[in-house]
Amino acid sequence: MKRAILTIDDVPSNNTRAIVDCLNKKDITAVMSAQGDRLERMPENAIYALQHGMILGNHSYSHPNFSALTIEESREEIEKCEEQLERVYKMAGVERKYRPFRFPYGDKGGQNKDALQEFLKQKGFDKLDDSQIPYTWWKESGLDRDIDTLWTFDFAEYNIRQGSDFTLDDVFKRVNDQNPASGAAILADGGYHIILLHAHDETEEMVPEYYRRFIEYLLEHGVTFDRPQFR
Ligand SMILES: [Zn+2]
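These numbers come from a predicted model, not from an experiment.

Engineer: Please give an account of the pairing of strand E1 (residues 2-11) that cites residues and values.
Structural biologist: Burial analysis of E1 places 9 of its 10 residues in the buried class, which makes it a mostly covered element. Note: E1 against strand E5 (residues 191-198), 8 bridges, orientation parallel. When the bridges of E5 are listed, Arg-3 appears paired with Tyr-192. Of the pairings in the sheet, the one linking E1 to strand E6 (residues 223-225) comprises 3 bridges and is parallel in character. Bridging across to E6, Lys-2 finds its partner in Val-223. In this structure, E1 lies alongside strand E2 (residues 30-34), joined through 5 bridges in parallel fashion. Along E2, the bridge assignment pairs Leu-6 with Ala-30.

What follows is the structure in structure tokens.
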């Protein structure tokens, strides 16, 4: 068995709607990490995602590196995104049941790490249920206790850019890597993953429907997607 929860970062974008349609066809519910400034500028596709069953989480307002911020600036980034999320859930007419949080770049805030975890707890953020993740490094790094959602597999498809050496082949090399330098092998039996994918229009320009290709490849290779649960 290979099981996974899908997370998609940096929504809303122009291709968010097509991603949602693709996921709906495959009966996959994703946690989408939303940026506050994007929600403010272009709420329509976020509303579409909510009305089609996706869960929106807080991914800060302007996508900074939290280790470069003071604790006050960090709180403000999180709270400003919360305001936008509240607004968008209301506009969508969808009840906001869960409040996941993901740090941009997985940067947990450096010396403010503990204070930020405490803040997330106080603010009522929900932890994605990761109790089925079997990897010892996940627990040894304390990731099983953190409120925010990190990941165990990253497609790294955001490296596919004009002028970059990183290609679609490199993504599939990562998918088939049985002994990755970080994270865990996505196609290994007995795995349980939190998968990271991004809703980037820049990637769409380079590889149309990249998300569909990746998800279908995983499905064809025996990965099943669980509905995200929270605790
Ligand atoms: Zn991001």
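Continuing now.
Engineer: Tell me about the coordination of the zinc ion, and name the residues and values.
Structural biologist: The protein atoms that coordinate the zinc ion are Asp-10 (OD), His-59 (NE2) and His-63 (NE2), at distances spanning 2.0 to 2.1 Å. Taken in sequence order, the residues that donate to the zinc ion follow the motif D-x48-H-x3-H. Of the two residues, Asp-10 sits in strand E1 while His-63 sits in the loop between strand E3 (55-58) and helix H4 (71-92), which places them 53 residues apart along the sequence.

Engineer: Which residues make up empty space enclosed by the protein, and what values go with them?
Structural biologist: Considering all chains together, one arrives at 2 cavities of 30 Å³ or more under this definition. Of the voids in this model, the largest cavity is the one considered here, and its volume is about 40 Å³. Contributing to the lining of the largest cavity are Lys-127, Leu-128, Asp-130, Trp-138, Leu-143, Ile-147, Asp-148, Thr-149, Leu-150 and Ile-194. When its residues are assigned to classes, the lining of the largest cavity shows 6 nonpolar, 1 polar and 3 charged. What the second largest cavity holds in volume is close to 40 Å³. Taken together, Thr-7, Val-31, Ser-33, Gly-57, Asn-58, Pro-100, Phe-101, Arg-102 and Thr-149 form the lining of the second largest cavity. The set of elements that each furnish at least two residues to the lining of the second largest cavity consists of E2 and E3. When grouped by side-chain class, the residues that make up the lining of the second largest cavity number 3 nonpolar, 5 polar and 1 charged.

Engineer: Explain the packing of aromatic side chains to me, using residue names and the numbers behind them.
Structural biologist: Geometry of an aromatic ring pair is reported as the spacing of the ring centres plus the angle between the planes. As enumerated under the stated definition, the model contains 13 aromatic pairs in all. Plain terms: the ring middles of Phe-155 and Phe-214 are 4.9 Å apart, the flat faces sit at 20° to each other, and that makes the pair stacked. Of this pair, Phe-155 sits in the loop between strand E4 (153-154) and helix H7 (168-176) while Phe-214 sits in helix H9 (residues 210-220), and the two are 59 residues apart along the sequence. Accessibility expressed as a relative area gives 0% for Phe-155, which makes it buried. Judged by relative accessible area, which is 1%, Phe-214 ranks as buried. Through a chain of ring-to-ring contacts, the aromatic side chains of Phe-153, Phe-155, Phe-172, Tyr-210, Tyr-211, Phe-214 and Tyr-217 assemble into a single cluster.

How each quantity is defined
- Residues numbered from 1 in each chain as written.
- Predicted model: local features only at pLDDT ≥ 70, side-chain atom pairs only at ≥ 80, totals over all residues.
- Heavy atoms only, no water.
- Buried < 20%, exposed > 50% of the residue type's maximum accessible area, 1.4 Å probe, protein only.
- Helix = DSSP H or I, 4+ residues; strand = E, 2+ residues; numbered from the N terminus.
- Pairing = 2+ DSSP bridges.
- Donors = N, O, S within 2.8 Å, 3.2 Å for Na, K, Ca; no water.
- 1 Å grid on protein atoms, 1.4 Å probe; cavity = no way out; pocket = protein on both sides within 12 Å on 5 of 7 lines; lining within 4 Å.
- Points joined across faces, edges and corners; volume = space filled by probe spheres on them.
- Nonpolar A, V, L, I, M, F, W, Y, C, P; charged D, E, K, R; others polar.
- Phe/Tyr/Trp six-rings, centres within 6.5 Å; stacked < 30°, edge-to-face > 60°.

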